[in-house]
There are 2 protein chains.
Amino acid sequence: MLEKMTWVSPGEIEARSMEIISGEMPSGDWTDGELAVVKRCIHTSADFDYAKNLYFSPGAVDRALSLLRGGVTIVTDTNMAAAGINKAALTRLHATVRCFMADADVAAEAKERGITRAIVSMERAAALEEPVFFAIGNAPTALVRLYEMITSGEFVPAFIVAAPVGFVNVTEAKELIRSLDIPCIIARGRKGGSNIAAAICNALMYQI
Amino acid sequence: MLEKMTWVSPGEIEARSMEIISGEMPSGDWTDGELAVVKRCIHTSADFDYAKNLYFSPGAVDRALSLLRGGVTIVTDTNMAAAGINKAALTRLHATVRCFMADADVAAEAKERGITRAIVSMERAAALEEPVFFAIGNAPTALVRLYEMITSGEFVPAFIVAAPVGFVNVTEAKELIRSLDIPCIIARGRKGGSNIAAAICNALMYQI
């Protein structure tokens, strides 16, 4: 079995993988920047459904690149998504990633108010002074809280990557975000995850 | 849209999600312990292919539970997988998770030898004194190095979760592990990922 494997460097493996993905994926009317995001989501999951379910608001990639070039603060709803965002790329762009989910005071406040930690985390992010680029890969309640704060006029996120995975309230929460006039990239339907949220951020950063 | 969402607690959401998964997945001849792993992989990805591609070596779940009850050291090949493994469950079991990938000396050695950091990381793990439970979600070269060390008699891992995702050498590397007489759970084919490797570990720990 070992001798059947082709030995290539990690860089070559990625290039060949992207060739295979291009060869097997359906054609679409993506811009080059959007296509890079679609392909990286497939690369991360080996799941070609991401060629069907990714939504880009008009000009979303250009807006995201502009924010990332400006060293934006990315806020995730899991430490796993934060861990998956490429640190070398972040450093190069002077961008940072933050996640409030594991903070002791977030857990305490969530318990006291009887709400999810994800909701409290979004409120923490909204209280930051700088523009916030959200990368949400887990909690539909995070998206719902963002929706509430946006529609009430309390807060305007700079960008939302909306990619929670799941079977209950997930599809609906992502459609709430899609209904807003906020630049966004959304993995519609059930699929997504912390890995997909991170992959979308990485696919954007790698274009700069 | 908001009013169409059903408001339930995170615990209830998980229970309902698992019901939906049970209702939509094919039947199989899994043990209860194996079924819990399959369902959690689907829960993590919303991808029902995990009902087809998960391989369990004979008695794998029982062996894994015994190791985890004994407070085993889990070694991952990404910080993302390490971040995805439930910390409360680890603490409860006195188990630990380690990842050598971001260590400066691992990067330096990989560069000097012209090999991947994943290979060096597996060698670091093999040098640990305690039994090692591997959770590999990214690098096929990690699996190949484990295969080499096992077949040469240098090292015997306690358990291998083999779940890299990808298009080049990934399927083959997982089949190498499957050919060995080492307790393992494998996501066969292209699919897998750090999220899946973590989900498999969590599904096992949640059974204890």
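Residues numbered from 1 in each chain as written. Chains lettered and ligands numbered in written order. Predicted model: local features only at pLDDT ≥ 70, side-chain atom pairs only at ≥ 80, totals over all residues. Heavy atoms only, no water.

**Q** With reference to specific residues and values, describe the overall build of chain A.
**A** The number of helices and strands found in chain A is eleven helices and six strands. Principal axes of the C-alpha set define a box for chain A whose edges measure 60 × 35 × 35 Å. A total of 208 residues make up chain A; the buried ones form 58% of that total. Of the accessible surface of chain A, which amounts to about 8,600 Å², a share of 50% is contributed by carbon and sulfur atoms. With 20 positive and 24 negative side-chain charges, chain A shows a separation of 3 Å between the mean positions of the two kinds. (Helix = DSSP H or I, 4+ residues; strand = E, 2+ residues; numbered from the N terminus. Buried < 20%, exposed > 50% of the residue type's maximum accessible area, 1.4 Å probe, protein only. Areas by Shrake-Rupley, 256 points an atom, 1.4 Å probe, with all protein chains shown as cover. Lys, Arg positive; Asp, Glu negative; His and termini not counted. Charge placed at Lys NZ, Arg CZ, Asp CG, Glu CD.)

**Q** Give a detailed account of the relation of the copies chain B and chain A, specifying residues and quantitative values.
**A** One copy of the chain maps onto the second through a rotation around an axis plus a translation along that axis. When chain B is brought onto chain A, the operation consists of a screw motion whose angular component is 180 degrees and whose axial shift is 0.0 Å, with 0.0 Å RMSD remaining. Here the symmetry operator amounts to a two-fold rotation axis. Taking the C-alpha atom as reference, chain B places methionine 80 of chain B closest to the rotation axis, 2.6 Å from it. When the interface residues of chain B are mapped onto chain A, 100% of them again fall at the interface, so both copies present the same face. (Least-squares fit on C-alpha atoms with pLDDT ≥ 70 in both. Contact = heavy atoms within 4.5 Å.)

**Q** Got a sec to walk through the packing of aromatic side chains? Specific residues and values, please.
**A** One pair of aromatic rings is described through two measures. These are the centre distance and the angle between the planes. Within the structure shown, the criterion is met by six aromatic pairs over all chains. A ring pair is formed by phenylalanine 48 of chain A and phenylalanine 167 of chain B, whose centres lie 6.0 Å apart and whose planes are at 80 degrees; its orientation type is edge-to-face. Residue phenylalanine 48 of chain A is located in the loop between helix 2 (32-45) and helix 3 (50-53), and its partner phenylalanine 167 of chain B is located in the loop between strand 5 (159-162) and helix 10 (170-178); the two belong to separate chains. Seen from their ring centres, phenylalanine 133 of chain A and phenylalanine 159 of chain A are 4.8 Å apart, and the 10 degrees between their planes marks the pair as stacked. Here phenylalanine 159 of chain A lies in strand 5 (residues 159-162) and phenylalanine 133 of chain A lies in strand 4 (residues 132-136), a separation of 26 residues in the sequence. Arginine 178 of chain A extends its terminal NZ or CZ atom over the ring of tyrosine 55 of chain A, reaching a point 5.0 Å from the ring centre. (Phe/Tyr/Trp six-rings, centres within 6.5 Å; stacked < 30°, edge-to-face > 60°. Lys NZ or Arg CZ within 6 Å of the ring centre and 35° of its normal.)

**Q** Quick rundown of the interface of chain B and chain A? Include the residues and the values.
**A** Counting residues at the interface gives 42 residues for chain B and 42 residues for chain A. Interface area for chain B against chain A, summed over the two sides, is near 3,500 Å², with a carbon-plus-sulfur share of 75%. Scanning the region where chain B abuts chain A turns up three residue pairs in polar contact (both at pLDDT 80 or more). Among the elements that make up the side of chain B that touches chain A, the one with the highest residue count is helix 1 (residues 10-24) of chain B (seven residues). (Buried area = accessible area lost by both parts, 1.4 Å probe. Polar contact = N/O pair within 3.5 Å; in protein donor to acceptor, adjacent residues only side chain to side chain.)

**Q** Quick rundown of the sheet that holds strand 6 (residues 184-187) of chain A? Include the residues and the values.
**A** The strands that make up a sheet are held in pairs by hydrogen bonds between backbone atoms, and each pair lies either parallel or antiparallel. All names here are of chain A. With mixed pairing, the six strands of this open sheet are ordered in space as 1-6-5-4-2-3. The open sheet has two free edges, formed respectively by strand 1 (54-56) and strand 3 (96-99), since each of these has just one partner strand. For this sheet the average axis-to-axis angle between neighbouring strands, irrespective of direction, equals 15 degrees. Pairing of strand 2 (residues 73-76) with strand 4, which is carried by four bridges, proceeds in the parallel orientation. The residue bridging threonine 73 from the neighbouring strand is valine 132, located in strand 4. Against the sheet, helix 9 (residues 140-151) engages strand 4 and strand 5, with an angle of about 150 degrees to strand 5. Those strands touched by helix 11 (residues 194-205) are strand 1, strand 2, strand 4, strand 5 and strand 6, and its axis lies near 135 degrees from that of strand 4. (Pairing = 2+ DSSP bridges. Axes fitted to C-alpha atoms, helices over the stretch in contact; angles between N-to-C directions.)

**Q** Describe the confidence of the model for chain A, and please don't skip the residues or the numbers.
**A** With 96% of its residues at a pLDDT of 70 or more, chain A has an overall mean of 95. Reported confidence for the predicted complex is 0.94 by ipTM and 0.96 by pTM. (pLDDT = per-residue confidence, 0-100.)

**Q** I'd like a rundown of the sheet that holds strand 1 (residues 54-56) of chain B, residues and numbers included.
**A** Residue and element names in this part refer to chain B. Read from one edge of the open sheet, six strands run 1-6-5-4-2-3, paired in mixed fashion. In the strand order of this sheet, the two ends are held by strand 1 and strand 3 (96-99), each with one partner. With strand direction ignored, the average angle separating the axes of adjacent strands in the sheet is 15 degrees. Pairing between strand 2 (residues 73-76) and strand 3: four bridges, direction parallel. Each residue of the ladder has a partner; that of threonine 76, found in strand 3, is cysteine 99. Against the sheet, helix 4 (residues 60-69) contacts strand 1, strand 2, strand 4 (132-136), strand 5 and strand 6 (184-187), and its axis sits at roughly 115 degrees relative to strand 5.

**Q** How would you sum up the nonpolar core? Please name residues and give values.
**A** Of all hydrophobic cores here, the largest spans 91 residues; its most connected members are Phe133 and Leu204 of chain A together with Phe133 and Leu204 of chain B. It is helix 11 (residues 194-205) of chain B that provides the largest number of residues to this core, a total of eight residues. Not counting the four nearest positions on each side in its chain, phenylalanine 133 of chain A is found in contact with Ala64, Leu67, Leu68, Val72, Thr73, Ile74, Val75, Phe159, Val161, Cys201 and Leu204 of chain A. (Core = buried A, V, L, I, M, F, W, Y, C linked by side-chain atoms within 4.5 Å.)

**Q** Talk me through the packing of helix 8 (residues 117-126) of chain A against helix 9 of chain A; I want residue IDs and the actual numbers.
**A** Residue and element names in this part refer to chain A. Look at helix 8 against helix 9: their axes get within 8 Å of each other, and the N-to-C directions meet at 45 degrees. As summarised for this structure, helix 8 and helix 9 are arranged oblique, according to the angle between their axes. Note on packing geometry: the crossing formed by helix 8 with helix 9 is right-handed. Residue-level inspection shows Ala118, Ile119, Met122, Glu123 and Ala126 of helix 8 in contact with helix 9, the latter providing Thr141, Ala142, Arg145, Leu146 and Met149. Here the contact of helix 8 with helix 9 is built from residues that sort into seven nonpolar, one polar and two charged. (Parallel < 35°, antiparallel > 145°, perpendicular 65-115°, else oblique. Left-handed = near helix turned anticlockwise from the far one by under 90°. Nonpolar A, V, L, I, M, F, W, Y, C, P; charged D, E, K, R; others polar.)

**Q** For the pairing of strand 6 of chain B, give the residues involved together with the corresponding values.
**A** All names here are of chain B. Burial of the side chains of strand 6 extends over both faces: Cys184 and Ile186 are buried on one face and Ile185 and Ala187 on the other. Across three bridges, the pairing between strand 5 and strand 6 is parallel. Opposite valine 161, over in strand 6, you have isoleucine 185 as the bridge partner. Taking the sense of rotation as the criterion, the β-α-β connection linking strand 5, helix 10 and strand 6 turns out right-handed. (Right-handed = clockwise from strand over helix to strand, strands pointing away.)

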